[in-house]
Each structure stands twice: as structure tokens, then as C-alpha cells.
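What follows is each chain in one-letter form.
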Amino acid sequence: MSTPTTAPEPAPGDRRSPWSRTVRRTADGSLAVGGRDVRDIAAEHGTPVYVLDESDLRARARTFVTAFRDAFADLAGADVYYASKAFASVAVPRWVHEEGMHVDVSTGGELAVALRAGVPGQALALHGNNKSDAELERALRAGVGRIVLDSLGEVDRVADLAGRLGLRAPVMVRVTTGVHAGGHDYISTAHEDQKFGLSLAGGAARAAVDAVLARPELTLLGLHSHIGSQILDLSGFEVAAAALLRLRAEVADQTGTLMPELDLGGGYGISYTGADAPPAPDRVATTLADVVRRASAELGTPPPRVSVEPGRAVAGPAGLTLYRVGTVKPVVLDGGGERRYVSVDGGMSDNIRTALYDAEYTAALANRRSTAPAVLSRVVGKHCESGDIVVRDVLLPADVAPGDLLAVPATGAYGRSMASNYNLVPRPGVLAVRDGQSRFVVRPESEEDLLALDLG
Ligand SMILES: *Cc1c(COP(=O)(O)O)cnc(C)c1O
């Protein structure tokens with residue numbers, strides 16, 4: 001159960017702020033982002049609309065790259081991969097690559113977008129627990145820097161395919177370490193009952209390593225682990241890293257092959273409502289560098305080059321969704337009291353996370369300032385389901401009325417990328433804003449787009 005609070009005012013530079021860095025209140029009380037007043041954005045481009053703060057996203061990418069470069073300077077270096085699934089249109093992999101990131105893809109579609117963005121194959125990693133032959137072949141032909149193997153059967157599939165193409169495939173083995181993190185804590189189990197990776201405890205990870213070493217078409221770069229998402233406590237990463245470094249040392253001892261790299265995945269949490277303080281990238285980087293330094297010394301193995309894969313922490317806080325209020329309806333609660341249902345012109349088709357994961361968001365009146373008392377409100381969409389909730393509980397001014405604009409912060413990741421056409425609602429466009437300029441990087445869908453797919 002979430003505690004209803006008022007959206008915090010924009011506070012650039014505050015890690016607890018769910019707003020992107022260029023969000024401001026203008027003199028007459030509306031919100032502006034990227035130097036553009038939300039009233040002008042709504043008037044010119046319509047609502048709902050995803051607004052992406054380009055300079056904020058670029059700054060987050062650069063901060064991760066710098067933090068990891070500095071923290072691992074005395075080790076074997078580090079690379080930061082952007083996880084495309086958080087949000088990728090052609091502009092985003094291009095921006096993050098310009099800021100020094102590499103890019104993770106996990107489907108043919110994400111691969112196509114990254115290549116169209118001009119990211120070189122060598123800077124791409126291909127993930128996925130069920131990659132198709134066509135996806136693997138396109139990745140190999142594009143010269144991807146790494147394919148992360150997720151099952152034993154995939155070892156021979158990739159080796160055979162590389163052999164047919166006359167290539168050597170650089171691969172990593174994805175390991176489930178028994179650490180699963182997300183939300184506020186992590187639990188440790190011997191075997192993970194989930195679809196990803198190869199179990200460390202069960203010996204499947206070691207078997208896959210040996211299978212890779214037996215195939216001359218494959219180059220074994222290293223081990224990979226991704227322990228979860230929206231993680232605020234770094235201890236799970238330390239446990240996973242230490243476990244992978246032990247396996248790496250054991251393989252080196254027994255086979256003579258010292259894997260040069262180690263990938264510790266992504267999952268760094270962000271602030272959705274202002275209540276959480278996410279770990280700063282430089283603290284993440286120094287924490288991981290400390291584990292790698294210490295464990296490598298204890299095991300007597302040279303440290304690997306490390307990579308990490310943030311998605312949400314780069315794109316999430318850079319985006320907000322702008323909605324227009326359609327109806328406002330007071331509902332009397334069982335125990336007495338009242339909750340106001342504020343219906344906006346989007347909903348679970350543009351943000352499924354509240355319905356899917358009970359995710360928490362906040363919302364703010366965006367087109368004006370109000371001194372009316374705050375009342376318990378629920379922001380809901382226009383879909384034909386009672387679970388169509390955008391923000392479960394938030395305090396909004398009592399005078400919020402049809403025609404007002406609401407802004408929901410921290411929707412840059414897993415918003416547009418998980419959007420659907422439920423109720424045949426066209427998906428909103430993604431408007432990039434920067435220095436007072438705006439342009440769509442994904443145009444809004446129209447009803448004609450929907451009908452164009454319909455063969456009658
Ligand atoms: C989803 C995913 C990520 C990114 O997770 P975030 O929570 O967006 O940082 C990184 N690596 C892998 C393998 C993933 O599946």
C-alpha cells in the first residue's frame with residue numbers, strides 16, 4: 001500500500017527528485033522541461049505525450065561512463081552498456097553512444113534500431129533466453145562484440161552458425177548466482193526458479209563454460225550476471241560479483257583459460273516518487289571496483305575488464321508523461337472519506353507498470369499553480385478496466401478540473417517500450433526537448449496507423 005504524498009517540486013541535482021534536471025516551475029506556475037512550457041507542448045503536439053529531456057538523458061549516460069572509467073582505472077577498465085529495452089528509438093542509442101556507452105540489445109528489433117543509430121557492431125551485446133537463428137545470424141554478420149549465451153543448447157547453435165559463416169563468435173555465459181535483487185532487499189537461494197541463465201550452484205554454468213572452451217568457433221570473453229531491477233541496495237551486486245570471480249578463478253586453475261571480462265548487469269534503481277534515494281553512479285562504480293579489487297587479490301587472479309548495463313537509471317528519470325484531465329469523480333470510500341478519481345487521456349496502454357507490478361508513481365498539476373487544499377486522488381486512464389491506474393495514490397489540489405494538465409515523472413524507461421494498443425488507443429509519440437527546442441523522435445500513432453495493419 002503506497003502512502004499518498006504530493007509530488008515534490010522540481011529540484012535539479014537532487015538524487016531523490018523524480019523530475020529530470022531541466023524541469024522548472026515558470027514564473028506563472030506551469031512546468032517547463034528542456035526550456036519548453038508544458039502548456040505550449042500540449043497545444044502544439046497534443047496529449048498524452050512522452051517528453052524526453054535529452055540533456056538529462058545524456059548527462060546520466062556520461063555520469064555512468066565517467067564514474068566507471070575512474071573507479072576501474074587502476075584495474076582492467078570498465079565499459080557501460082545501455083539496456084535498449086528500457087527505451088530505444090534511433091535517437092537514444094545514438095545519444096548514449098556519443099556519450100561513451102555501448103549498447104545491449106535482446107531482439108532483432110532492438111538490434112535493427114541500434115544499427116540504424118550508427119552504433120558499431122563491436123559496441124553491441126546480444127542478450128536473450130530464446131534468440132532465433134535469424135537474430136543470431138544478423139548479430140554475427142553485424143560483428144557484435146558479444147553474444148550472451150543463456151542455455152547449454154545455445155553453445156552449439158552459435159558455434160555451428162559461426163562456423164557456417166566463417167566467423168569466430170565472442171561469447172559470454174550468463175550465470176544465475178542465486179542472488180535475486182529488486183525493490184529493497186535480496187534473497188539468496190541455491191537454485192533460481194526462473195528462465196534466465198545457467199545455475200552456478202547446479203553446475204550448469206561450469207558445464208556451459210567447458211562446452212564453450214571445446215568449440216574453436218567461440219571466443220570465451222567472460223561470465224555475465226544480471227540480478228534484478230529497481231535495486232537500491234548494492235549488496236546483492238557484491239555477492240554476485242564475488243561468486244562470478246570465484247568461478248572465473250576456478251576455471252583458470254583447471255583449464256588454463258583466464259576469461260578477460262566480467263559483466264555485472266544492470267538494475268540500478270531510480271526515484272519514482274521522491275521517497276527513495278537511488279545509489280549515485282560513482283558509489284555504484286566504487287563499490288563494484290572494491291569487490292573486484294579485493295576478490296581478485298584474494299584469489300590471486302588478475303582483475304577482469306568489467307561491464308555493467310544500466311537501462312532504467314539512464315532513461316527513466318529523463319522522461320515524463322504529459323496528460324490532459326478529462327473527468328474528475330469523487331468516490332466515497334468504505335471506511336468513510338473520499339478519493340477523487342482523476343481520469344486522463346491515456347492510461348495502462350502508455351504505462352502498464354502500475355497495473356503489472358504495482359509500481360509507484362507520482363503526479364503533479366502541470367499547467368498552473370494551485371493553493372487549493374490537497375486531496376487524496378487516484379490518476380486513472382480511459383481504458384475499460386478498473387485496474388487501469390496510472391498513479392494509485394497521490395495528493396492533488398482539490399480544484400484539479402477537466403482541461404488541466406498532469407505530469408507524471410520518471411516514465412522514460414519501460415513506458416513507451418512496454419506500451420500497447422489496448423482498446424485500439426494509438427500509442428503516444430516521444431517528444432525530445434532540449435534548449436527550448438522540441439522534436440518527435442517517435443511520432444504519435446494515428447488511427448490510420450492502426451487501420452493500416454488491419455487487413456479487413
Ligand atoms: C533489463 C536488463 C538490464 C537493464 O535493467 P534496468 O533495470 O533497466 O537497469 C540489463 N541487463 C539485462 C541482461 C537485462 O535483462
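Analysis parameters
Residues numbered from 1 in each chain as written. Predicted model: local features only at pLDDT ≥ 70, side-chain atom pairs only at ≥ 80, totals over all residues. Heavy atoms only, no water. Pairing = 2+ DSSP bridges. Helix = DSSP H or I, 4+ residues; strand = E, 2+ residues; numbered from the N terminus. Buried < 20%, exposed > 50% of the residue type's maximum accessible area, 1.4 Å probe, protein only. Domains from an automatic or database assignment. Contact = heavy atoms within 4.5 Å. Buried area = accessible area lost by both parts, 1.4 Å probe. Salt bridge = Lys/Arg side-chain N within 4 Å of Asp/Glu carboxyl O. Polar contact = N/O pair within 3.5 Å; in protein donor to acceptor, adjacent residues only side chain to side chain.

Novice: I tried to follow the pairing of strand 17 (residues 319-332) on my own but got confused; where do I start?
Specialist: The pairing of strand 4 (residues 49-53) with strand 17 spans four bridges and is antiparallel. Residue pairing in the sheet places Tyr 50 in a bridge with Thr 321 of strand 17. Relative to strand 22 (residues 405-409), strand 17 runs antiparallel, the two sharing five bridges. Bridging from a neighbouring strand, Arg 324 pairs with Leu 405 of strand 22. Direction of pairing for strand 17 relative to strand 18 (residues 338-344): antiparallel, over a ladder of seven bridges. Counterpart to Pro 330 in the pairing with strand 18 is Arg 340.

Novice: How do you make sense of unusual backbone geometry when you look at a structure like this?
Specialist: Only a minority of non-glycine residues have a phi that is not negative, and only a minority of peptide bonds are not trans. Here the bond from Thr 47 into Pro 48 is cis, since omega is -10°, no more than 30 degrees from zero. Along the chain, Pro 48 falls in the loop between helix 1 (38-45) and strand 4. Positive phi outside glycine occurs at Ala 410, with the angle close to 65°. In this fold, Ala 410 is placed in the loop between strand 22 and strand 23 (430-434). Given a relative accessible area of 0%, Ala 410 falls into the buried group. The phi torsion at Leu 424 lies on the positive side, around 55°, for a residue other than glycine.

Novice: I would appreciate a short explanation of the sheet that holds strand 2 (residues 31-33) in the present structure.
Specialist: Pairing is antiparallel in the open sheet, where three strands are placed in the order 1-2-3. Since the sheet does not close on itself, it has two edges, and those belong to strand 1 (24-25) and strand 3 (36-37), each with one partner. Relative to strand 2, strand 1 is paired through two bridges, and the arrangement is antiparallel. Across the sheet, Arg 24 pairs through a bridge with Ala 32, a residue of strand 2.

Novice: For this particular structure, what's the right way to read the domain arrangement of the protein?
Specialist: Interface size is often expressed as the accessible area that is lost when the parts come together. Segmenting the protein into domains produces domain 1 (24-53 + 316-453) and domain 2 (77-310). With 18 residues of domain 1 in contact, the opposing surface of domain 2 contributes twelve residues. Across the domain 1 to domain 2 interface the summed buried area is about 1,200 Å²; carbon plus sulfur atoms make up 68%. Among the residues domain 1 hides against domain 2, the three largest losses belong to Leu 52, Ala 410 and Tyr 414. Together they make up 30% of the total. At the surface where domain 1 touches domain 2, the tally comes to zero salt bridges. At the boundary of domain 1 and domain 2, one finds four residue pairs in polar contact (both at pLDDT 80 or more). For the side of domain 1 that touches domain 2, the secondary structure elements donating two or more residues are strand 23 and strand 24 (437-442).

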